[in-house]
Amino acid sequence: MAGTTRDWTRFDTRERLFRIGSVVVAAAVVIGSWEWLDMSLRYVSSAPLQVGDLLGRMYPPDWGYLPNAVGPLAETIQIAVVGTIGAVLMAAPVAYISAENTTPNRATYALGKLIVTVSRSVHTIVWALLFVVMFGPGALAGTVATAVRSIGFLAKLLGEEIEEIDFGQVEGVRATGAGPFKLLVYGIVPQIKPALVGVSVYRWDINVRAATILGFVGAGGIGVQLFEAIDSFAWRTVSALLFAILAVVLVSEGISAYARRKVR
Amino acid sequence: MLETENLGKTYPTGDEALRDVSVRIGGREVVAMIGPSGAGKSTFVRCINRLVEPTTGRVRLDDRELTGLGEDELRNARRDVGMVFQEYNLVERLTVMENVLSGRLGYVSNWAALRRDFPPEDVERAYELLELVGLDDMENKRVDELSGGQRQRVGIARAVVQEPKIVLADEPTSSLDPETSRDVMELLTDIAVDRNVPVVINIHEVDLAERYADRILGLHDGELVFDGPAADLTEESKGVIYRGEEPPEATTRIGTSEPTDAEATGRRAEPEPLSAED
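Please read these numbers as outputs of a predicted model, since none were measured by experiment.

About the cut-offs
- Residues numbered from 1 in each chain as written.
- Chains lettered and ligands numbered in written order.
- Predicted model: local features only at pLDDT ≥ 70, side-chain atom pairs only at ≥ 80, totals over all residues.
- Helix = DSSP H or I, 4+ residues; strand = E, 2+ residues; numbered from the N terminus.
- Rg over C-alpha atoms; globule rule 2.2 N^0.38 Å.
- Buried ≥ 20, exposed ≤ 12 C-beta atoms within 10 Å, placed from the backbone.
- Contact = placed C-beta atoms within 7 Å.
- Nonpolar A, V, L, I, M, F, W, Y, C, P; charged D, E, K, R; others polar.
- Axes fitted to C-alpha atoms, helices over the stretch in contact; angles between N-to-C directions.
- Parallel < 35°, antiparallel > 145°, perpendicular 65-115°, else oblique.
- Left-handed = near helix turned anticlockwise from the far one by under 90°.
- Pairing = 2+ DSSP bridges.

Q: What am I meant to see in the overall build of chain A here?
A: The helix and strand tally for chain A stands at 10 helices and zero strands. For chain A, the sequential pattern of α-helices and β-strands runs α-α-α-α-α-α-α-α-α-α. Scaling as 2.2 N^0.38, a compact globule of 264 residues should have a C-alpha radius of gyration of about 18 Å, whereas chain A reaches 26 Å, well beyond that. For chain A, the C-alpha atoms occupy an extent of roughly 75 × 70 × 35 Å along the three principal directions. Expressed as a percentage of its 264 residues, the buried residues of chain A come to 38%.

Q: Is there a simple way to think about the environment of B:P164 in this case?
A: Residues and elements named next belong to chain B. Looking at where P164 falls in the secondary structure, it is placed in the loop between α6 (148–161) and β7 (166–170). What makes P164 buried here is the crowd of 25 C-beta atoms within 10 Å. Along the sequence, P164 and V197 sit 33 residues apart, while their C-alpha atoms lie 7.6 Å from each other.

Q: Explain the interface of chain B and chain A to me, please; I cannot follow it from the model alone.
A: Quite often, the size of an interface is put as the accessible area lost when its parts meet. Taken together, the contact between chain B and chain A spans 23 residues of the former and 19 residues of the latter. Elements that contribute at least two residues to the side of chain B that touches chain A include exactly α2 (71–78) and α4 (110–114) of chain B. Of the residues in the side of chain B that touches chain A, the class split is nine nonpolar, eight polar and six charged.

Q: Whenever I open this one, the packing of helix α4 (residues 106–121) of chain A against helix α6 (residues 139–163) of chain A confuses me. Can you help?
A: For any two helices packed against each other, one specifies the crossing angle of their axes together with the interaxial distance. Residue and element names in this part refer to chain A. Orientation of α4 relative to α6, taken along the N-to-C sense of each, is 130 degrees, at an axis distance of 7 Å. Viewed along their axes, α4 and α6 adopt a mutual orientation that is oblique. Judged by the twist between their axes, the crossing of α4 over α6 is left-handed. Residues G112, I115, V116, T117, S119 and R120 of α4 touch α6, and the partners they reach there are V148, R149, I151, G152, F153, A155, K156 and G159.

Q: What is the right way to look at the pairing of strand β9 (residues 215–220) of chain B in this model?
A: It is a general feature of regular strands that their side chains alternate between the two faces of the sheet. Residues and elements named next belong to chain B. The element β9 is largely enclosed, with a buried count of five among its six residues. In this structure, β9 lies alongside strand β10 (residues 223–229), joined through six bridges in antiparallel fashion. Its bridge partner lying in β10, H220 is registered against E223. Taking the residues that link successive antiparallel strands as the turn, the β9-β10 hairpin has two residues, and the phi of D221 there is positive, at about 55 degrees.

Given below as structure tokens:
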């Protein structure tokens, strides 16, 4: 016992070298990126002054403007509501075919993954630019953009949820002689229901926030007013609008949190 | 009457889980299938309603061949086979009543199923079964609020509400305590008499098998090595079933892997109630 002291190290030499190497590589990437960007720090020193100046021009907020914002704000929320509901309806079948355990075959699986990737890799605002060209400016373009962007998000998360389900429950229903639709309704949907509600409401919450800037590209909502106010240096109107948007976002976040807590 | 003929299953991994199992089960006999873990008990019952697709052999239920049926016909045939599972396999987030009524899914339209609109006689039958299994007034409870024993009772009610021609139970007691296990075994044997259907129970507790079953099937390594009345299960036969020991000379009723012999044993062990039925 006494003569043998046993040696123990958490990592062997190779692992240690790999860990040190990882840190060096990460540091090199950060430094390289900084150099590449060639950012000038010239304006940083004057930034506090500029911020103070801007805040000064924003104060006091032009509360009197807000009645004009009620309509556009409502439109913003509606874009998010309609866009999200449309997205949920379209995402459900995509989720079904992009989950490994429910997809009919390899081709449908690949199609599902493709839809998810295409939808997700393009930002809402870029979709909105496309749809404004297609449908003209207005809420329709914004709604469709919101829906198209959300499909990928919803289908991906719901698809992953389907992959996590307990297949024993499905087997139990299958053994009674139920067909595919009944298996879906009795075996699968009850298991993913909390996620379905939670993810949809969460996406709606994201969409409310995204919809506030859709107006920048002419796709409807409060963004139109905001953009005009910034463009005409009406800073007091801008600050009033920002407060109004903040209030709407807080409320939608509250609703989203409540709904997700409620559904089990 | 359930009849399997040379039933076999080789999984894609190359595992031969079941080989040449030929049995006939009818009347209202309670058949316990025993054997060590991995002997193929679960594969056998799942091959009957083709939750697992058998690779060889045939399954017949009342002269209807289940092997080789198309999708739609297979679904219709599954309505006649009630199944009880080790892990209950109930839909956890649905209510007790929804789970019991799901046993009637094979008989209602998709639209009715979606709206939970089952015929009044199904609902009445479901209520009666809930009383039978001792879950009166629990119909609106969600299954995830129930204990293991209560869940298994729901599972049994779901299987029986199908009005099946046979009930298959895959390790129905393995997740339960000894007391609840006996209750569940009693319930299953009662159902055989009550509904006049055979009940096949996979089970690894040999004492429960001996106590509740009329007939015992012993599987070892995918092969049927014992088929006979519970009273005939000797220490030697248990050795054959559980440890793969060579059967001692001709004194015990042990089938071999040869289908003709197994078929013969199956016939020899045909239960009394069957002849009474004719």
